[in-house]
Every structure is written in structure tokens, then in C-alpha cells.
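# Structural overview for review
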Amino acid sequence: MDEAGEPVTGSIVIQVEAAPQGMMRCTLDAAGPQRVWWTVLLAHDDAVMGAATSPEQMANLLIRGSIECIRQSVPSLEVGGLTMRLEPGPNDNAQVVSTGPARYRSSEWAALVHAVRE
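An account of the accompanying structure is given in this report.

Cut-offs applied
Residues numbered from 1 in each chain as written. Predicted model: local features only at pLDDT ≥ 70, side-chain atom pairs only at ≥ 80, totals over all residues. Heavy atoms only, no water. Pairing = 2+ DSSP bridges. Helix = DSSP H or I, 4+ residues; strand = E, 2+ residues; numbered from the N terminus. Expected span 1.5 Å × (residues − 1). Buried < 20%, exposed > 50% of the residue type's maximum accessible area, 1.4 Å probe, protein only. Arc of directions from axis to C-beta. Polar contact = N/O pair within 3.5 Å; in protein donor to acceptor, adjacent residues only side chain to side chain. Contact = heavy atoms within 4.5 Å.

For strand β1 (residues 7-17) and strand β6 (residues 94-105), the ladder comprises 11 bridges, and the chain directions are antiparallel. Residue pairing in the sheet places Ile-12 in a bridge with Gly-100 of β6. With 4 bridges connecting them, β1 and strand β2 (residues 21-27) associate as antiparallel partners. In the sheet register, Ile-14 faces β2, and the bridge partner there is Cys-26. Between β1 and β2, which pair antiparallel and follow one another directly, the connecting turn spans 3 residues.

Next up on the list: helix α2 (residues 55-71). Between its terminal C-alpha atoms α2 stretches 24 Å, which fits the 24 Å expected from 17 residues at 1.5 Å a residue. Along α2, the residues that are buried comprise Ala-59, Leu-62, Ile-63, Ser-66, Ile-67, Cys-69 and Ile-70. The buried residues of α2 occupy an angular sector of 160° when the element is viewed end-on, so they sit on one face.

We now examine the side chain of Ser-98. Inspection of the secondary structure assignment puts Ser-98 in strand β6. Given the relative accessible area of 0%, Ser-98 is considered buried. A distance of 3.1 Å separates a polar side-chain atom of Ser-98 from the backbone oxygen of Thr-83. With residues near it in sequence (within four places) discarded, Ser-98 still touches Ile-12, Val-13, Ile-14, Ile-63, Leu-82, Thr-83 and Met-84.

Okay, structure coming up:
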């Protein structure tokens, strides 16, 4: 954890179900020995999802929306160079898994992790 509150560089893993309502979970501790996941239920905008012209565009929309959701709790989050893949989800549907580098204030992530553990 960065003592000065400066942004640290790490990695992010996001898993989001490709469903009208789906679970999104993420970790900013992807390489940590005790990885902690933050999980929320998201309701996707049907009009936006219906306008996607390809599975790749839908995956991109789901991940971008998930990042904005995460930023509500980790406002300093910056991500770039994400890779995405589709895989079977936990509820017999597809999910998008995205990984890549991330910069964030460790204190924001620690506060979210503390809230998850309570």
C-alpha cells in the first residue's frame, strides 16, 4: 500500500456477465496472495446493448460500463491496454473477462476491500 496516497500501478481483472442483469466482479489485487473480489449486480441499459452491432462491441460496452461503476468507489482508477475474452459465466450465460494494467490510489481500493470484508 502506498503510504503517501499517490497512485500505484497494478493490474485489474473484470468479469461481467453478458445478460440484461448480470454480476460484475473485479479485483485490483490480481497478483495478490489473497485476492479480494468486489462484486455487484448491474442492470444494463437494453437500448444501449441492443444497439451493439457485434459481440465485440457489446463486450466493449460492458467493460467500459463496468469501469465507470468501479470508478464510483475508486475515483482515481485509470486503465489502459485491456484485453478481453468471452468465457462461460456462473449462471449458464456468457461473461466477458478483461485484464490489463491499472493505476489507482491504494487507499481507495483498501477502503473498498475493507467494506467488502465487513
